[in-house]
Amino acid sequence: MKMRISLTAGAVLAAVFTGAGAQTLQNTLPELNNYAWGFPVRTDEASSFYRIELPLAVNQSSADAGLRDIAVYNAAGEPVSRVVERHEAETIRQEQRHGLPFAALYQDQYPDPDRIRMLFEQMGSGVRIDVVSEGAELQKISPPLSAYVIDTRSAEVAFDAVELIWPESLSGFMGRVTVEASDNLEDWRLIGAGAVADLREEAVAIEQRRIMITATDSDFLRLSWSGLPTRWSLTAVHGVQRTETPQFSRQVLLLDSRGRDESDNGLLFDAGGNIRVDHINLELPEVNTVISADILYWDDGMEGWQRAGSGTFHHIRRGDNSVTSEPLKIPPVRASRWKVVLSRGRQETPLALALGWFPDRLLFVAQGDPPYTLGVGRPSAGEETFPEERILGDRSIQELAGTSGSVAAASLGERFPLGGLKRELPAQPLAWRTILLWGGLVIVVVFVGWMAARLLRESRAD
């Protein structure tokens, strides 16, 4: 059945190519050598369709923000039907929180030996002994809190994290929490540790309540801590179960600044190519740094800077514990140039821009013989029929690929230059200094020759 469907798809494609309309379009298609860059396509298995996850180098080689100037050619130098697949969804993420019962554990406390008195009293044939601690009758000793034991038996799921809730009156602290698991309350094993914090200053609030753990279905968890105030306590504990179904793989591109915008003193960044970004963050190498910033991107269509997001970013460390800001989720934008404008904090604060982006994917039909080559980079592509017009429409290619059930993964090799690169290079500027120098020399030579001829004529006349 699969072979029959694949043959049907091939027959449809062949019919399209042999038609007069397709032949006319074929005559207008650019040759591979018209592109600036080429990438060899690696196919490890035979298939009717191939899908490639495009690396960053393709975006950086393209001259069109929408990647319209890319094409796939077979071994005979003929273009094949292809489509750039857009991301409609990223990762399907679900999270469930379960309230868990817990009990406090207190440290054992013994009276100060130097303040213990033993009283002996003869009572007939026996002796009565009383042990008295000075001050014990005046105040009751309250042992300090040392740990919590959490009962997870009521939840029939494995948790990925625990979320801690403490009284709102507690703030201004940062410490480290350790999580251990056990099935019998005797044998404990470490399953996670991390920093918790509740820091507030003016309009800035930094909270970190969640500790990631190795997923476990143990009956009991034990929480212990260090670096937290003695009055620290919990009012609730939640077990967090997360399920994620990745649709596309997000990557992170870390960029260093390439200078400043004189108009607003913003730091400028360049990804080298238009990529689809949906998460942004600032990495701060200096510890104990808190800044507020606007992050903008350059919109080619509007020819101006647009705000992608704003927020407070931090990197706080106390002892061996540190907390950093989480990335900002933004509506997806496709851009290459970025700018960070600080609204709070030292303008000279060193930072790097972290862009969370999704690689594009290319689906193409296995027409003709391999090897296949991907051509990228034609600034004039948007003005021509190809590749904006496909031999088959986008939906047709994707529908055929889904129906055939024969889509194999392909990959790209190292980039190499093509003939189009030379044609797209800017014209070399005229070397005016050289022209003027040679022009001056010519004038001098002509003048000297004229003087020599004149003197020769005058000597003959005499």
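Counting restarts for each chain, with residues numbered from 1 along the sequence as it is written. Residues qualify for local features only when their pLDDT is at least 70, as the model is predicted, and side-chain atom pairs are given and counted only at 80 or more; totals for whole chains, interfaces and linings, by contrast, use all residues. Heavy atoms throughout the structure, all of them, feed into the side-chain values; hydrogens and water do not.

1. Description of the overall build of the protein
Consideration 1: Numbering goes from the N terminus for both helices and strands, where a helix is a DSSP run of H or I of at least four residues and a strand is a run of E of at least two. Secondary structure assignment for the protein yields 6 helices and 29 strands.
Consideration 2: Only protein chains enter the accessibility calculation, which uses a 1.4 Å probe. A residue is then buried if its area is under 20% of the maximum for its type, exposed if over 50%, and partly exposed in between. Across the 462 residues that make up the protein, the buried fraction comes to 39%.
Consideration 3: Residue contacts are defined here by distance: any two heavy atoms, one from each residue, within 4.5 Å place the two residues in contact. Nonlocal contacts in the protein, meaning residues at least 24 apart in sequence, comprise 79% of its contacts between residues at least 6 apart.
Consideration 4: Throughout, the Shrake-Rupley method with a 1.4 Å probe supplies accessible areas, and for residues the shown protein chains are the sole cover considered. Split by element, the accessible area of the protein, about 26700 Å² in all, is 51% carbon and sulfur.

2. Describing the side chain of His279
Consideration 1: One can find His279 in strand β20 (residues 266-283).
Consideration 2: The definition of a polar contact used here is a pair of N or O atoms within 3.5 Å, where within protein one atom must be able to donate a hydrogen and the other to accept one, and adjacent residues in sequence count solely through side-chain atom pairs. Here Arg250 takes part through its side chain, which lies 3.3 Å from a polar atom of the side chain of His279.
Consideration 3: For His279, the side chain forms a polar contact with the side chain of Asp278, separated by 3.0 Å.

3. Examining unusual backbone geometry
Consideration 1: For the bond from Pro370 to Pro371, the omega torsion is 5°, close enough to zero to count as cis.
Consideration 2: Tracing the chain through its elements places Pro371 in the loop between β26 (361-365) and β27 (372-376).
Consideration 3: One non-glycine residue with positive phi stands out, namely Asn265, at about 65°.
Consideration 4: Among the secondary structure elements, Asn265 is positioned in the loop between β19 (260-261) and β20.
Consideration 5: Of note in the backbone geometry, Asn288 takes a positive phi value of approximately 55° without being a glycine.

4. What about the environment of Thr235?
Consideration 1: With respect to the helices and strands, the residue Thr235 is situated in the loop between β16 (220-226) and β17 (236-246).
Consideration 2: With 67 residues separating them in the primary sequence, Thr235 and Glu168 have C-alpha atoms 9.8 Å apart.

5. With respect to the pattern of salt bridges
Consideration 1: Each reported salt bridge corresponds to a side-chain nitrogen of Lys or Arg within 4 Å of a carboxyl oxygen of Asp or Glu. If you walk through the whole model with that rule in mind, you get 15 salt bridges.
Consideration 2: For Arg307, the salt bridge identified is with Asp294, shortest N-O distance 3.4 Å. Here Arg307, found in strand β22 (residues 304-318), pairs with Asp294, found in strand β21 (residues 289-299); they are 13 residues apart in sequence, far enough to count as distant.
Consideration 3: When salt bridges with common partners are traced through the structure, they connect Glu95, Arg97, Glu163 and Arg210 into a single cluster.

6. A short note on the packing of aromatic side chains
Consideration 1: In this scheme Phe, Tyr and Trp rings, the latter by its six-membered ring, pair at centre separations within 6.5 Å, and the angle between planes marks the pair as stacked below 30 degrees, edge-to-face above 60, and tilted otherwise. Within this structure, the stated rule accounts for 11 aromatic pairs.
Consideration 2: When the ring of Phe102 is compared with that of Tyr148, the centres are 5.3 Å apart and the planes differ by 80°; the resulting orientation is edge-to-face. You can see Phe102 sitting in strand β7 (residues 102-106) and its partner Tyr148 sitting in strand β10 (residues 145-151), a full 46 residues away along the chain.
Consideration 3: Classification of Tyr148 as buried rests on a relative accessible area of 5%.

7. What to know about the environment of Glu78
Consideration 1: Position of Glu78 among the secondary structure elements: in the loop between β3 (70-73) and β4 (79-80).
Consideration 2: Accessibility expressed as a relative area gives 39% for Glu78, which makes it partly exposed.
Consideration 3: A C-alpha to C-alpha distance of 7.8 Å links Glu78 and Glu31, two positions 47 residues apart in sequence.

8. Overview of the nonpolar core
Consideration 1: Core analysis: the biggest nonpolar cluster contains 27 residues, and Val277, Leu282 and Trp338 have the highest contact counts within it.
Consideration 2: Listed by contribution, the elements that provide at least two residues to this core are β18 (251-255), β20, β21, β22, β24 (328-344) and β25 (352-358).
Consideration 3: Not counting chain neighbours up to four residues away, the residues in contact with Val277 comprise Ile330, Pro331, Pro332, Val333, Trp338, Leu355, Gly356 and Trp357.
Consideration 4: We define a nonpolar core as any set of buried Ala, Val, Leu, Ile, Met, Phe, Trp, Tyr and Cys residues linked to one another through side-chain atoms lying within 4.5 Å. Counting 25 residues, the second largest nonpolar core, distinct from the first, contains Leu100, Leu170, Ile191 and Val196.

9. Overview of the sheet that holds strand β13 (residues 189-201)
Consideration 1: For two strands to pair, DSSP has to find at least two bridges joining them. One open sheet accounts for 6 strands, arranged β7-β10-β16-β12-β13-β14; its pairing is antiparallel. What marks the edges here is a single partner per strand, and that holds for β7 and β14 (204-208). Taking each pair of neighbouring strands and ignoring which way they run, the sheet shows an average axis angle of 25°.
Consideration 2: With 4 bridges joining them, β10 and β16 adopt antiparallel strand pairing. Across the sheet, residue Ile150 finds its bridge partner in β16, namely Leu221. Fitted lines through C-alpha atoms give the axes, limited to the stretch in contact for helices. The angle between two N-to-C directions lies from 0 to 180 degrees.

10. Quick notes on the confidence of the model for the protein
Consideration 1: In the predicted model, the protein carries a mean pLDDT of 79, and the fraction of residues at 70 or more is 73%.
Consideration 2: Per-residue pLDDT stays below 50 along residues 1-28; that stretch engages in 27 contacts with residues further than four places along the chain or on separate chains.
Consideration 3: Confidence drops under a pLDDT of 50 for residues 382-392, and excluding neighbours within four residues, the segment shows 34 contacts in the predicted structure. Per-residue confidence from the prediction method is given by pLDDT, with values spanning 0 to 100.

11. Things to note about the environment of Arg276
Consideration 1: Following the sequence through the fold, Arg276 ends up in strand β20.
Consideration 2: For Arg276 and Pro332, which are 56 residues apart along the polypeptide, the C-alpha to C-alpha distance reads 6.3 Å.

12. Re the pairing of β26
When a strand is regular, its side chains alternate between the sheet's two faces.
Consideration 1: Counting buried positions over the 5 residues of β26 gives 4, a clear majority of the element.
Consideration 2: Of the pairings in the sheet, the one linking strand β2 (residues 49-53) to β26 comprises 5 bridges and is antiparallel in character. When the bridges of β26 are listed, Glu53 appears paired with Arg361.
Consideration 3: Pairing of strand β5 (residues 82-85) with β26 involves 4 bridges; the strand directions are antiparallel. Note on β26: the bridge partner recorded for Glu85 is Arg361.

13. Points about the side chain of Asp160
Consideration 1: Structurally, the position occupied by Asp160 is in strand β11 (residues 159-165).
Consideration 2: Two residue types count as positive, namely Lys and Arg, and two as negative, namely Asp and Glu; His and chain ends fall outside the count. Of the side chains with opposite charge, Arg242 lies nearest to the buried Asp160, which makes no salt bridge, at 5.0 Å.

14. A word on a nonpolar patch on the surface
Consideration 1: A cluster of nonpolar side chains, namely Val444, Phe447, Val448, Trp450 and Met451, defines an oily patch on the protein surface of about 470 Å² accessible area.
Consideration 2: Inspection of the secondary structure assignment puts Val448 in helix α6 (residues 432-461).
Consideration 3: Note on Val448: relative accessible area 49%, which makes it partly exposed. A patch consists of residues whose relative accessible area exceeds 30% and which take part in no salt bridge; residues with like charges are grouped when within 9 Å of each other, and nonpolar side chains (Val, Leu, Ile, Met, Phe, Trp, Tyr) when within 5 Å.

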